[in-house]
Number of protein chains: 4
Amino acid sequence: MKDVQNQYDYRNVYLHRVGVKGVKYPIVVLDKRNGTQSTIASVNMYVDLPRDYRGTHMSRFIEVLNEFHLEVHPKRIKEILERLKSVLNASRGVIEVDFPYFISKKAPVTGIESYLEYQCAFNAEMYESIFKFEVSVTTPIHILCPCSKEISERSAHNQRALCKVTFHSHEMVWIEDIISIVESSASAPIYTLLKRPDEKFITELAYDNPRFVEDVARDVALKLRNYGKINWYKIEVESFESIHLHNAYTCVLSDEVL
Amino acid sequence: MKDVQNQYDYRNVYLHRVGVKGVKYPIVVLDKRNGTQSTIASVNMYVDLPRDYRGTHMSRFIEVLNEFHLEVHPKRIKEILERLKSVLNASRGVIEVDFPYFISKKAPVTGIESYLEYQCAFNAEMYESIFKFEVSVTTPIHILCPCSKEISERSAHNQRALCKVTFHSHEMVWIEDIISIVESSASAPIYTLLKRPDEKFITELAYDNPRFVEDVARDVALKLRNYGKINWYKIEVESFESIHLHNAYTCVLSDEVL
Amino acid sequence: MKDVQNQYDYRNVYLHRVGVKGVKYPIVVLDKRNGTQSTIASVNMYVDLPRDYRGTHMSRFIEVLNEFHLEVHPKRIKEILERLKSVLNASRGVIEVDFPYFISKKAPVTGIESYLEYQCAFNAEMYESIFKFEVSVTTPIHILCPCSKEISERSAHNQRALCKVTFHSHEMVWIEDIISIVESSASAPIYTLLKRPDEKFITELAYDNPRFVEDVARDVALKLRNYGKINWYKIEVESFESIHLHNAYTCVLSDEVL
Amino acid sequence: MKDVQNQYDYRNVYLHRVGVKGVKYPIVVLDKRNGTQSTIASVNMYVDLPRDYRGTHMSRFIEVLNEFHLEVHPKRIKEILERLKSVLNASRGVIEVDFPYFISKKAPVTGIESYLEYQCAFNAEMYESIFKFEVSVTTPIHILCPCSKEISERSAHNQRALCKVTFHSHEMVWIEDIISIVESSASAPIYTLLKRPDEKFITELAYDNPRFVEDVARDVALKLRNYGKINWYKIEVESFESIHLHNAYTCVLSDEVL
């Protein structure tokens, strides 16, 4: 059977990425408390394509995914990329894995437990032998507007917000550690299950800790510097403003140039 | 050229709806203040298909849409359905039009104007000569939790919410009228542009008018009954709870059975 | 601590549904081959609210979900609704659970296995003692246009499509059975991993089995009637037309009135 | 009224971006055939924030948008950024505008006209006096798989795909020119309205012009180089594979390093 993808390509155009996008797959990731956690990922896998080949072989990406028995976590990511590069004769291998991660949290006063979802991602790229590994963790939080509190005679507008931390590290960094840093920088953490004494506690806690998106980003930045294991970070905070239909947004990078 | 769609179908299965879905098209709707408003719709158009025909003719739906020169508003909807039924030899004609509608609003204290988007829909169906026309208007609002206010020593959690009103009427009902009813039933209206005196006003207004999603739904229901032109309504309120990652939701129908 | 939700409400408006929407939660469902499958659901839970109560207690919904240890499958659904009604003093209990379900499929020629995602839902409602349970299964398929094949000298346009079957049954109906019925009614099934001999097989199979969305809907309808366990069904087919930016759509109901 | 945002910030963290995100607004863009086109945008606007200020003033972003009377097109973008920087005392101004753009297209044989939607974006940034302006145009196309055609005895799988071209230029580049380049590089263009003679034409045209996503990207790259006005480009092609549930994807950059 003829291999059209293997044909010589005369157009002389190098392709930076070619592969599969949006593959929904069950995967297993590491869990600080329970060892492992089964979840469902949306996976992108790419390689580069030299200027003289017509196409890549899309089925081999899925074969590589299968070889690793659904284990798509930091300890396996590098092996997956090496295998991708080898199987597809490529200089570059890329994998992007988005997945929800669940943690059982205790309500602040009653201690009742419930699961909360944190959207996470592993984005890794290997070019020749240079390996770049990026993790991102998105934490839902509660923030209360300092301006609204200051200028109003009573109350202050507040809202749900998302803080996404993307980072590089040469060490194992637990998702749980990043979440702790972010939740302690918000006006208050968010929970799936709160009884009335918890709701009272959260309401007052938030009023006593007003935070702009700017405040959250800066506090997380300072804590990430103290945390020590992070080589590079990007912190984004997006707030679903309760008095507007649009969102407030801020972004800070560890290196000061954009 | 053979007409495969016109072939006799031996399977003897009547199809309730067949047509085109998700057609993005520029349209013109009526505007209470300015006469007309240009917007962009996502359009679904269906007919039924008798048990003895194999298929419908998808291109004719778009031809009908073109014939009306993009005028897809209450005064034209019935004509569009009659034309659909005639051109496609059908007993049933259906059109569903979702579109954003913009209103320029004045901030409550400073009076500065800005546009706010309201998601609207026209859903119409004609079976033989029976015509059913449903309009829906989604209004973003601000609500403040009465329970949180009551149990907390200071402040109360609040959030952005959406109130969707779907209704039938035999008269012309302006989108603007429905929006007024909903905004006056919230803890506070929402604006795209608020200066500090406006933000202070909204913050205090909301604290003085705490509302559960249940309260908003009930107040809107009472006002719709007084408004008089509405034959049937469904009111849905969904609140992006600022202390949770999930939403609170309620629904009330004018006829008490679901 | 005052219970604001329990206050007497003078507005005299009965609420059909009130509760939590979009709760992301890990759940366990039944799997025909493996016994159980862990997945991640988006859950809505509602009750009704009598005209004389001001609000419902949102936290109790999550408590009920927790009591069932994440087991949200047909055998537990009725118990969950009974518990909801009891805990919230309601006449009506509603649960809607959307989740991805994975099946390992063998490629048609090479037999290589890969996972494919099928979006499923359980929608159940209990009013007093009347229990209604609806299951829906969405199967991605490949369809090839009979008209394009007939009128063209070579080839035919084809595309990815989704077939959603929603049904009521008094017996246990495996998701896998519905998927079999749909996949055998398409031009060809869809797979995550296909080697070249498989791709050749699928291409030719589809060309030999051209199907309008209308054809798929009717074939599935006939097979569901023969299958025997189904009391009511709705079949929807939506095709991502490869020659248009919009979709083709059809819908058929077991009872002939819409 | 106290200006909390103007407070001195001791944390010493520079913020790269802070502003408003997801503002839905009616705008006017330039249209090659008709002069101007009214459309609806999703707008993000950001500035940077020096290390010694606590917050930015979110309302001023909307005020700047209003000042330009909804004209958000290449000729105004630079002025908008200069105004943003001045009003907010910032070194950096950023605007991102996503909007649908409609073109009336003639069917290839019958010549019947219909509108097709092309998703476009303007992304501009000014740091001190350095101005960077990026345009992106997404064109829906039809592609037919060369491998499937080669290995199969009859037909070939084909599908809808999107080609997104992002570019920098110092000259005025019409959206229409980019669309022409992309549509002529596909297996066939896409239309909203096709009669049977058109459908036959498109089906055969596509079979005679099989294209991998790799082929489309390379052909567009060569044509952009010949077009001459483009200083930098990124071409992405994503194909909704009709035999899979996931997509094929490729990306090529004008500068060969990623």
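Overview of the overall build of chain A
Turning to step 1, where the next piece is worked out: Broken down by element type, chain A carries six helices and nine strands.
Turning to step 2, where the next piece is worked out: In terms of its C-alpha atoms, chain A occupies a principal-axis envelope of roughly 75 × 40 × 35 Å.
Turning to step 3, where the next piece is worked out: Among the 258 residues that make up chain A, the fraction classed as buried is 64%.
Turning to step 4, where the next piece is worked out: Long-range pairs, those at least 24 residues apart, make up 64% of the contacts in chain A between residues at least 6 apart in sequence.
Turning to step 5, where the next piece is worked out: When the accessible surface of chain A is summed, it comes to about 9,300 Å², and 47% of that surface belongs to carbon and sulfur atoms.
Turning to step 6, where the next piece is worked out: Placing the 32 positive and 35 negative side-chain charges of chain A at their respective mean positions leaves the two points 2 Å apart.

Some remarks on the interface of chain C and chain D
Turning to step 1, where the next piece is worked out: Across the boundary between the two partners, chain C contributes 39 residues, which contact 39 residues of chain D.
Turning to step 2, where the next piece is worked out: Carbon and sulfur atoms supply 55% of the area that chain C and chain D bury against each other, a total of about 3,400 Å² over both sides.
Turning to step 3, where the next piece is worked out: Broken down residue by residue, the surface that chain C buries against chain D is led by Arg154, Arg160 and Leu245 of chain C, which jointly contribute 21%.
Turning to step 4, where the next piece is worked out: For the salt bridge of Asp208 of chain C with Arg154 of chain D, the shortest nitrogen-to-oxygen distance reads 2.5 Å.

Topic: the environment of Lys85 of chain D
Residues and elements named next belong to chain D.
Turning to step 1, where the next piece is worked out: Checked against the element boundaries, Lys85 lands in helix 2 (residues 74–87).
Turning to step 2, where the next piece is worked out: Lys85 gets classed as buried once you look at its relative accessible area, which sits at 14%.
Turning to step 3, where the next piece is worked out: In sequence terms Lys85 and Leu205 are 120 residues apart; their C-alpha atoms lie 51 Å from each other.
Turning to step 4, where the next piece is worked out: In this structure, Lys85 is in contact with Ala90, Ser91, Arg92, Gly93, Met126, Glu128 and Ser129, ignoring residues within four places of it in sequence.

Details of the interface of chain D and chain A
Turning to step 1, where the next piece is worked out: Facing the 57 residues of chain D at the interface are 57 residues of chain A.
Turning to step 2, where the next piece is worked out: Buried surface at the junction of chain D and chain A, summed over both partners, amounts to about 4,900 Å²; 56% is from carbon and sulfur atoms.
Turning to step 3, where the next piece is worked out: In terms of surface lost to chain A, no three residues of chain D exceed Arg11, His16 and Arg218 of chain D, which account for 16% of the buried area on that side.
Turning to step 4, where the next piece is worked out: Between the two partners, chain D and chain A, sit 12 salt bridges.
Turning to step 5, where the next piece is worked out: Put simply, the parts of the chain that give the side of chain D that touches chain A at least two residues each are strand 1 (15–31), strand 2 (35–49), helix 1 (58–67), helix 3 (146–151), helix 6 (213–227) and strand 9 (247–253) of chain D.
Turning to step 6, where the next piece is worked out: Considering only residue class, the side of chain D that touches chain A consists of 30 nonpolar, nine polar and 18 charged.
Turning to step 7, where the next piece is worked out: The pairing of strand 1 (residues 15–31) of chain A with strand 9 of chain D spans five bridges and is classified as antiparallel. Residue pairing across strands places Val18 of chain A opposite Thr250 of chain D, the latter belonging to strand 9 of chain D.

Some thoughts on the relation of the copies chain D and chain A
Turning to step 1, where the next piece is worked out: With an RMSD of 0.0 Å, the fit of chain D onto chain A corresponds to turning through 180° and sliding 0.0 Å along the axis. The transformation just described matches what one would write down for a two-fold rotation axis.

A short note on the packing of aromatic side chains
Turning to step 1, where the next piece is worked out: Summed over the entire model, instances satisfying the criterion amount to 24 aromatic pairs over all chains.
Turning to step 2, where the next piece is worked out: Geometrically, the ring pair formed by Tyr249 of chain A and Tyr46 of chain D is tilted, given 5.0 Å between the ring centres and 40° between the ring planes. Here Tyr46 of chain D lies in strand 2 and Tyr249 of chain A lies in strand 9 (residues 247–253), a pairing that spans two chains. Like Tyr46 of chain D, Tyr249 of chain A is buried.
Turning to step 3, where the next piece is worked out: Taken together through their ring pairs, the aromatic side chains of Phe99, Phe122, Phe131 and Phe133 of chain A make up a single cluster.
Turning to step 4, where the next piece is worked out: Lys105 of chain A extends its terminal NZ or CZ atom over the ring of Tyr191 of chain A, reaching a point 4.3 Å from the ring centre.

Description of the relation of the copies chain C and chain D
Turning to step 1, where the next piece is worked out: It takes a turn of 180° to lay chain C on chain D, together with a shift of 0.0 Å along the axis; the resulting RMSD is 0.0 Å.
Turning to step 2, where the next piece is worked out: Comparing contact sets, 100% of the residues at the interface of chain C also lie at the interface in chain D, consistent with an isologous, same-surface contact.

Regarding the domain arrangement of chain A
In many analyses, interface size is given as the accessible surface area lost on bringing the parts together.
Residues and elements named next belong to chain A.
Turning to step 1, where the next piece is worked out: Each assigned domain of chain A is listed with its residue range as follows: domain 1 (1–106) and domain 2 (143–258).
Turning to step 2, where the next piece is worked out: Distance from the C-alpha centre of domain 1 to the C-alpha centre of domain 2: 32 Å.
Turning to step 3, where the next piece is worked out: At the interface, eight residues of domain 1 touch 10 residues of domain 2.
Turning to step 4, where the next piece is worked out: Surface buried jointly by domain 1 and domain 2 totals about 800 Å² across both partners, of which 69% is contributed by carbon and sulfur atoms.
Turning to step 5, where the next piece is worked out: Area buried by domain 1 at its contact with domain 2 is led by Lys32, Ile103 and Lys105, which between them contribute 60% of it.

Observations concerning the confidence of the model for chain A
Turning to step 1, where the next piece is worked out: When pLDDT is averaged along chain A, the result is 95, and 99% of the positions lie at 70 or above.
Turning to step 2, where the next piece is worked out: This complex was scored by the predictor with a pTM of 0.97 and an ipTM of 0.95.

Parameters at a glance
- Residues numbered from 1 in each chain as written.
- Chains lettered and ligands numbered in written order.
- Predicted model: local features only at pLDDT ≥ 70, side-chain atom pairs only at ≥ 80, totals over all residues.
- Heavy atoms only, no water.
- Helix = DSSP H or I, 4+ residues; strand = E, 2+ residues; numbered from the N terminus.
- Buried < 20%, exposed > 50% of the residue type's maximum accessible area, 1.4 Å probe, protein only.
- Contact = heavy atoms within 4.5 Å.
- Areas by Shrake-Rupley, 256 points an atom, 1.4 Å probe, with all protein chains shown as cover.
- Lys, Arg positive; Asp, Glu negative; His and termini not counted.
- Charge placed at Lys NZ, Arg CZ, Asp CG, Glu CD.
- Buried area = accessible area lost by both parts, 1.4 Å probe.
- Salt bridge = Lys/Arg side-chain N within 4 Å of Asp/Glu carboxyl O.
- Nonpolar A, V, L, I, M, F, W, Y, C, P; charged D, E, K, R; others polar.
- Pairing = 2+ DSSP bridges.
- Least-squares fit on C-alpha atoms with pLDDT ≥ 70 in both.
- Phe/Tyr/Trp six-rings, centres within 6.5 Å; stacked < 30°, edge-to-face > 60°.
- Lys NZ or Arg CZ within 6 Å of the ring centre and 35° of its normal.
- Domains from an automatic or database assignment.
- pLDDT = per-residue confidence, 0-100.

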